[in-house]
Amino acid sequence: MVSTLLVAAIVGIALGAFLQKGRFCFVNAFRDFFAYKDSRVTKGVLAATLLTMVFWGIAYQFGYYQGFWTPDWGLTGLVGGFIFGVGMTYAGGCASGTLYRAGEGYLQFWLTLLFMGVGYAGFTVAFPTLESTYFEALTFGTGATLFELTSVPGSLLALGVAVAAVLVYATLTGRASTAAAFGERADTAQLTPTALLAPVVGLRGFVRGTVAYFRGLARAWRHPVASSKQPWDPRTAALGITAAAVLWFSQVSIVGVTGPEARWTGYLLSRVGVDAGSFDYWGSVLFQGQGVGMTVDMVMIGFVIVGAFLAALWSGDFSVRVPKRRRLPNAVVGGLMMGAGSRLAPGCNIGNIYSGIAELSIHSFIAAVGIVAGVYVMTHWIYREVGCAI
Amino acid sequence: MPSIDDVTDTPDELSDDQAEELLEKADLVQDMMGEVCPYPQVEAKKGLQQIESGDLLVQETDHVPCTENVPRAVGDDADAQVWRSGDAVYRIYLRKR
């Protein structure tokens with residue numbers, strides 16, 4: 001037990017520190033890509049997800065894992081994911097972003113956390129009704145991951161999906177840059193079909209970008225103290241997050257945020273005299289009949305805030321920040337929508353986009369689409385006066 | 001041989017003296033303390049629409065990601081510089097092109 005708690009502390013602090021240093025925010029990753037085609041954080045999210053997929057695939061193949069998280073799949077992922085996506089865009093921080101900013105001293109995001117808790121509690125009260133109506137009607141199949149469904153060795157499957165994803169990425173970026181070059185050098189573009197050229201151009205750009213990134217990383221190592229206080233490239237955070245997630249996968253489970261937070265809500269309410277265990281959702285679903293108490297993933301989530309606090313303090317980014325009054329609806333409504341949406345899906349951006357895609361869970365593919373669609377719609381609403389790029 | 005600036009593409013940092021001097025000359029100052037993303041980005045875009053080419057827009061903020069997101073959001077509309085107080089307050093200087 002002591003060693004598991006130590007793992008929880010190490011993984012939590014590492015995740016918090018890397019999230020803070022890389023400003024690893026899923027809202028930022030998708031919102032800024034839609035709003036003005038800024039893909040810095042998007043690349044970090046892609047890198048973390050694909051790297052984690054490969055390493056989890058290897059760990060799964062050789063038996064160094066404890067279990068997958070595979071909820072039954074259906075339209076719940078789309079509905080809950082969409083609500084969560086709208087909520088996190090309005091709140092200005094996803095499940096993991098809210099946690100690391102709480103550690104940076106934002107009162108705004110402590111308020112968001114509080115109202116996520118209200119969302120979890122509200123869902124728990126409504127759960128018996130929702131189970132027989134919403135979940136029953138919208139669930140189509142039992143949960144599964146492609147790792148268990150196929151007989152392909154885990155490492156090969158993960159590598160195959162990761163390579164395919166990089167190829168799609170290269171084709172998309174390559175097409176964008178060949179289209180841009182088309183106007184300037186029409187003669188060469190006419191000779192080679194753009195469709196064939198795009199992946200090659202994109203891959204070349206991908207390799208160039210990766211090499212430049214590692215060169216920059218090597219340069220940063222020459223002044224380790226000064227560099228550690230500067231903001232880091234999200235891809236650096238992706239490497240660190242992957243390492244922490246692989247350790248967690250081999251010892252405990254996949255990385256989730258809102259599940260443990262919903263347990264925290266039940267636990268804290270039970271401390272002030274509420275019989276949380278008597279509610280179906282807390283008693284039999286979240287705590288699985290083990291009694292309402294402290295679980296190891298709750299400890300890990302707590303240490304994420306600690307890790308973010310330490311990293312922010314070191315970088316000169318820590319400060320108790322008082323929110324503008326006009327931002328309070330964002331914390332209240334955004335928090336409620338994230339709390340409720342993450343239960344209705346179930347799962348948040350970490351559970352479904354990062355961990356869920358990395359573990360190739362069918363439910364998470366659907367929920368990820370829902371979350372990104374929610375971000376898209378909400379981004380367009382917030383940017384309605386100045387316009388979006390995509 | 002590309003320099004680190006080509007790779008990271010972060011805005012130039014201002015010294016404390018430069019930051020003070022430029023703040024006095026600002027044509028429009030936006031108070032973004034206590035704000036969260038993406039509102040400073042949206043306000044910066046709106047602010048740039050109000051001022052003339054060559055004018056200076058300054059945002060004061062305590063939101064860490066803004067120092068990169070705001071310059072990105074305005075893109076080619078303005079030249080960006082950033083000042084970090086080291087105490088969780090940041091200023092973003094946008095000179096309209």
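Only a predicted model underlies this, so the values are computations on that prediction, with no experimental measurement involved.

Draft legend 1. Molecular detail of the overall build of chain A. Along chain A, the regular secondary structure elements total 18 helices and two strands. A compact globule built from 390 residues would reach a C-alpha radius of gyration of about 21 Å, and chain A, at 21 Å, matches this within 12%. Each principal axis of the C-alpha atoms in chain A carries an extent, and together these give about 75 × 50 × 50 Å. Expressed as a percentage of the 390 residues in chain A, the buried residues total 50%. As presented, chain A carries roughly 16,700 Å² of accessible surface, and 69% of it is formed by carbon and sulfur atoms. Mean positive and mean negative side-chain charge positions of chain A (25 and 17 charges, respectively) differ by 15 Å.

Draft legend 2. Representation of the interface of chain B and chain A within the structure. Each partner contributes to the interface: chain B provides 32 residues, whereas chain A provides 37 residues. With both sides pooled, the region where chain B packs onto chain A buries about 2,900 Å², and carbon together with sulfur makes up 52% of that total. Inspection of the chain B/chain A interface yields seven salt bridges. Two residues, R40 of chain A and E68 of chain B, come together in a salt bridge whose shortest N-O distance is 3.0 Å. Mapped by element, the contributors of at least two residues to the side of chain B that touches chain A are α1 (4-8), α3 (39-50) and α4 (66-74) of chain B. With six residues, the top contributor of residues to the side of chain B that touches chain A is α3 of chain B. For the side of chain B that touches chain A, a count of residues per class yields 15 nonpolar, seven polar and 10 charged.

Draft legend 3. Representation of the layout of surface pockets in the model. Residues and elements named next belong to chain A. Roughly 1,000 Å³ of internal volume is contained in the second largest pocket. What lines the second largest pocket is a set of 38 residues, among which W69, R263, V285, L286 and Q288 lie closest to the centre. Secondary structure elements with two or more residues in the lining of the second largest pocket: α6 (107-138), α13 (258-271), α14 (280-286) and α15 (296-315). Tallied by class, residues from the lining of the second largest pocket come to 21 nonpolar, 12 polar and five charged.

Draft legend 4. Representation of α13 of chain A. Under the 1.5 Å per step criterion, the end-to-end length of α13 of chain A is 20 Å for 14 residues, consistent within 8% with the ideal 20 Å. Looking at α13 of chain A, one finds that the buried residues are T258, G259, P260, E261, A262, R263, T265, G266 and Y267 of chain A.

Draft legend 5. Here's a closer look at the packing of aromatic side chains. All names here are of chain A. Per the counting criterion, the structure on display carries 25 aromatic pairs over all chains. Ring geometry for F123 and F135: centres 6.2 Å apart, planes at 90 degrees, overall edge-to-face. The class for F135 is buried, based on a relative accessible area of 15%. Ring geometry for W264 against Y267: centres 5.9 Å apart, planes inclined by 85 degrees, an arrangement best described as edge-to-face.

Draft legend 6. Quick look at the pairing of strand β2 (residues 28-32) of chain B. All names here are of chain B. Pairing between β2 and strand β3 (residues 56-61): five bridges, direction parallel. By the bridge assignment, V29 is partnered in β3 with V58. Crossover handedness for the path β2 to α3 to β3: right-handed.

Draft legend 7. Summary view of the environment of V89 of chain B. All names here are of chain B. Within the secondary structure, V89 is located in the loop between β4 (78-84) and β5 (90-96). Looking at V89, the relative accessible area reads 21%, which means it is partly exposed. Linking V89 and H63, residues 26 residues apart in sequence, is a C-alpha distance of 7.8 Å.

Draft legend 8. Representation of the state of the cysteines. Summed over the entire model, instances satisfying the criterion amount to zero disulfides over all chains. C388 of chain A takes part in no disulfide bond, and the closest cysteine sulfur, belonging to C37 of chain B, lies 14 Å away. Using a relative accessible area of 23% as the deciding quantity, one classes C388 of chain A as partly exposed. Take C66 of chain B: it sits in no disulfide, and the sulfur closest to it among the cysteines is that of C37 of chain B, at 4.5 Å.

Rules used in this analysis
- Throughout this description, residue numbers start from 1 for each chain and increase along the sequence as written.
- Labels follow written order: the first chain is A, the first ligand is 1, and so on.
- Where local features are concerned, this predicted model is filtered to residues with pLDDT of at least 70; where side-chain atom pairs are given and counted, the filter is 80 or more; whole-chain, interface and lining totals use all residues.
- Side-chain numbers come from the whole structure's heavy atoms, not from hydrogens or water.
- Helix and strand labels come from DSSP, where a helix needs a run of H or I of at least four residues and a strand needs a run of E of at least two; each type is numbered from the N terminus.
- The reference for a compact globule is 2.2 Å times residues^0.38; the radius of gyration itself is calculated from the C-alpha atoms.
- Only protein chains enter the calculation, and the probe is 1.4 Å; a residue is then buried if its accessible area is under 20% of its type maximum, exposed if over 50%, and partly exposed in between.
- Only the protein chains shown count as cover for residues, and the accessible areas themselves come from Shrake-Rupley with a 1.4 Å probe.
- Counting rule applied: Lys, Arg positive; Asp, Glu negative; His and chain ends not counted.
- Think of each charge as sitting on NZ of Lys, CZ of Arg, CG of Asp or CD of Glu.
- Contact definition: two residues touch when any of their heavy atoms are within 4.5 Å.
- Defined here as a combined quantity, buried area equals the accessible surface (1.4 Å probe) lost by two parts on assembly, summed across both.
- Each salt bridge in this description consists of a side-chain nitrogen of Lys or Arg and a carboxyl oxygen of Asp or Glu lying within 4 Å of one another.
- Ten residues, namely Ala, Val, Leu, Ile, Met, Phe, Trp, Tyr, Cys and Pro, are considered nonpolar, four, namely Asp, Glu, Lys and Arg, are considered charged, and the remaining ones, Gly among them, are considered polar.
- The definitions used throughout rest on a 1 Å grid laid over the protein atoms alone, on which a cavity is an enclosed set of points accommodating a 1.4 Å probe that cannot get out and a pocket is an open set flanked by protein within 12 Å on both sides along at least five of seven lines; lining residues are those having an atom within 4 Å of a point.
- Grid points are joined across faces, edges and corners, and a volume is the space filled by probe spheres set on the points.
- Expected helix span is given by 1.5 Å per residue-to-residue step, counting one fewer step than there are residues.
- Here a Phe, Tyr or Trp ring, Trp counted by its six-membered ring, pairs with any other such ring whose centre lies within 6.5 Å, and the pair is stacked when the planes are under 30 degrees apart, edge-to-face when over 60, and tilted otherwise.
- Here, a strand pair is defined by DSSP locating no fewer than two bridges between the strands.
- Handedness is read with the strands pointing away from the viewer; a crossover is right-handed when the path from the first strand over the helix to the second is clockwise.
- Here, two cysteine sulfur atoms that lie within 2.5 Å of each other are counted as a disulfide.

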